[in-house]
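Residues per chain, in single letters:
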Amino acid sequence: MFGIVRPCGHRLGAGMKAQWTAHLCGLCLALRADHGQFARVVTNYDGLLISVLTEAQSATPGDARRTAGPCPLRGMRTASVARGEGARLAAAVSLVLAAAKVRDHVADGDGLLAHRPVAAAARRVAVGWSRAGERTGAAVGFDTAVLVEAVDRQLDVEALAGPGTPLLHLTEPTETATAAAFAHTARLAGRPHNAAPLAEAGRLFGRLAHLLDAVEDRTVDAATGAWNPLTATGTGHAEARRLADDALHGIRLALRDVEFTDGRLTHLLLVHELRRSVDRAFGTTTCTHQGARPGGPIPADPAGSTYPPPGPGRHPHPSGPGGSPYPPTPGGGSWPGLPEPPRRSRGFLSGCAIGLGLCCTCQVCCANEFEGPWSGRKREGVCRDCDCDCSICDCDCCDCDCCDCDCDCCDCSCDC
């Protein structure tokens, strides 16, 4: 799983998380249906945005769903997943860009790809993915040549870059590719008037993707001597952050001009979560619930907990003992009026099968959370990449200037 928009399950809430997972699983299953099991390895968090955008503009959002069979990544449970042209477009884009990423790693000789037999095999895989993406793109009316041309042009642009080269000159090919993919979702949804603002949002998203990748890799690239656009152009940290913030603002403005049928998940991912991605890459935070607050820090209760008691618009997070999603009261027990969630248990043999699936799919290590194989209780992955402090409400809805989403973690009643 790769991508810059990596929302934490604790922030999404049950409703938004179910929708987000439906698109993630829909992308994975679309790849398997059209291109076989191995193609599922290119499933990525950013690719599902294409599916999300398509459904958000559809006249009947949520209708293009089907019930998928049990999967180890879902604890061997069925689920409602996205299907249709949006998922297939997401699959086509993911395949073509994954092929480009493989070719880039081969050219750089990264890791095992420095060995000629491995590099030759990787090149064959990249060629197969590129052709598969082209076929699927053609099936939904999208010409992937614009993606391939952008990737090829990227190599030429980087070869000519040096100190003083404008950083945006290097991000332009990525911007062009993502703009084309975002704009095509409007055509799939039957809303061609949305193509222009979505192209602008996609262009700025591509800029951010390129910038954040460079920022996150800068230290490692300097240590290994690998090429990095920030180092090559002499762009400082402050200038890179300015460009990222400008892109964030531009995406928000562009989305205001898009006509959505239900744009809550889109707003959550491309406004709130994307800003968190920038903060994560630059090592900063702008959430009013963390660090300095207008009213001072969150006071600790007598038991030492900094978790605020439930109030209007607040929803508790999984932090209680024994797997309860409700925090303990200062005197023990649970907050009054909050029912304990039902717990589902499995038999010994079925639990063993689930546990084996969790280990084989790396969920025990890498998932934000997973259900215990026997108890069914929520567990957290050992090496999860969760950028939020889940002991307090972490939602930036309260300080946004345009909030029309259902974040399930605070009162998004901004009157704007």
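Refer to the structure above for everything that follows.
Position numbers for residues count from 1 along each chain, tracking the sequence in the order it is written. Whole-chain, interface and lining totals are the exception, using all residues; otherwise, since this is a predicted model, local features are given only for residues with pLDDT of at least 70 and side-chain atom pairs are given and counted only at 80 or more. Where side-chain values are given, they derive from all heavy atoms of the structure, hydrogens and water being excluded.

Caption draft 1: Geometry of the packing of helix α3 (residues 85-108) against helix α6 (residues 167-188). Here, axes are lines fitted to C-alpha atoms. For helices the fit covers the stretch in contact, and angles between N-to-C directions go from 0 to 180 degrees. Only runs of H or I of at least four residues qualify as helices and only runs of E of at least two qualify as strands under DSSP, and these elements are numbered from the N terminus. Between α3 and α6, the least distance of the axes is 10 Å, while the angle of their chain directions is 160°. The angle between α3 and α6 falls in the class roughly antiparallel. In this structure, α3 meets α6 at a crossing whose hand is right-handed. In this structure, α3 contributes E85, G86, L89 and V93 to the contact, and α6 contributes A181, H184, T185 and L188. In these notes the angle categories are as follows: under 35 degrees is roughly parallel, over 145 is roughly antiparallel, 65 to 115 is roughly perpendicular, and the rest is oblique. Handedness of a helix crossing follows the sense of rotation of the near helix relative to the far helix, less than a right angle counterclockwise being left-handed and clockwise being right-handed. Contacts: residue pairs with any heavy atoms within 4.5 Å of one another.

Caption draft 2: Representation of the packing of helix α5 (residues 145-160) against α6 in the model. In contact at an axis separation of 8 Å, α5 and α6 are set at 175° when each is read in the N-to-C sense. Of the possible angle classes, the one that applies to α5 and α6 is roughly antiparallel. Contacts between α5 and α6 involve V146, L147, A150, R153, Q154, V157 and E158 from the former and H169, L170, E172, P173, T174, T176, A177 and A180 from the latter. When residues are grouped by polarity, Ala, Val, Leu, Ile, Met, Phe, Trp, Tyr, Cys and Pro land in nonpolar, Asp, Glu, Lys and Arg in charged, and all others, Gly among them, in polar. Classifying every residue of the contact of α5 with α6 by side-chain character gives eight nonpolar, four polar and three charged.

Caption draft 3: Spotlight on the pattern of salt bridges. Any carboxyl oxygen of Asp or Glu within 4 Å of a side-chain nitrogen of Lys or Arg constitutes a salt bridge here. Using the criterion set out here, one finds 14 salt bridges in the structure. E175 is the partner of R203 in a salt bridge, and the nearest nitrogen-oxygen pair spans 3.4 Å. One end of the pair, R203, is in helix α7 (residues 195-224); the other, E175, is in helix α6, with 28 residues separating them in the sequence. A salt bridge links D245 to R241; the nearest nitrogen and oxygen atoms lie 3.0 Å apart. Of this pair, D245 and R241 both sit in helix α9 (residues 237-256), separated by four residues, roughly a single helical turn. Relative accessible area serves as the criterion here: at 33%, D245 is assigned to the partly exposed category. When a residue's accessible area, from a 1.4 Å probe over protein chains only, is under 20% of the maximum for its type it is buried; when over 50% it is exposed; and in between it is partly exposed. When its relative accessible area of 17% is taken as the criterion, R241 is described as buried.

Caption draft 4: Inspection of the pairing of strand β2 (residues 77-82) at higher detail. Both strand β1 (residues 65-71) and β2 contribute to a ladder of five bridges, which runs antiparallel. Looking across to β2, one finds that C71 is bridged to R77. Here, any two strands with at least 2 DSSP bridges between them count as paired. Here β1 hands over to β2 after five residues, with G75 in that stretch at a positive phi of 65°.

Caption draft 5: Local environment of the environment of Q154. The residue Q154 is located in helix α5 in this model. Here the alpha-carbon distance between Q154 and T174, two residues 20 residues apart in the chain, equals 7.7 Å. In contact with Q154, not counting residues within four places along its chain, are L170, P173, T174 and H210. Pairs of N or O atoms within 3.5 Å make up the polar contacts considered here, provided that, within protein, one atom can donate a hydrogen while the other can accept it, and that residues adjacent in sequence are counted only when both atoms are side-chain atoms. At a separation of 3.4 Å, a polar atom in the side chain of Q154 contacts the side chain of T174.

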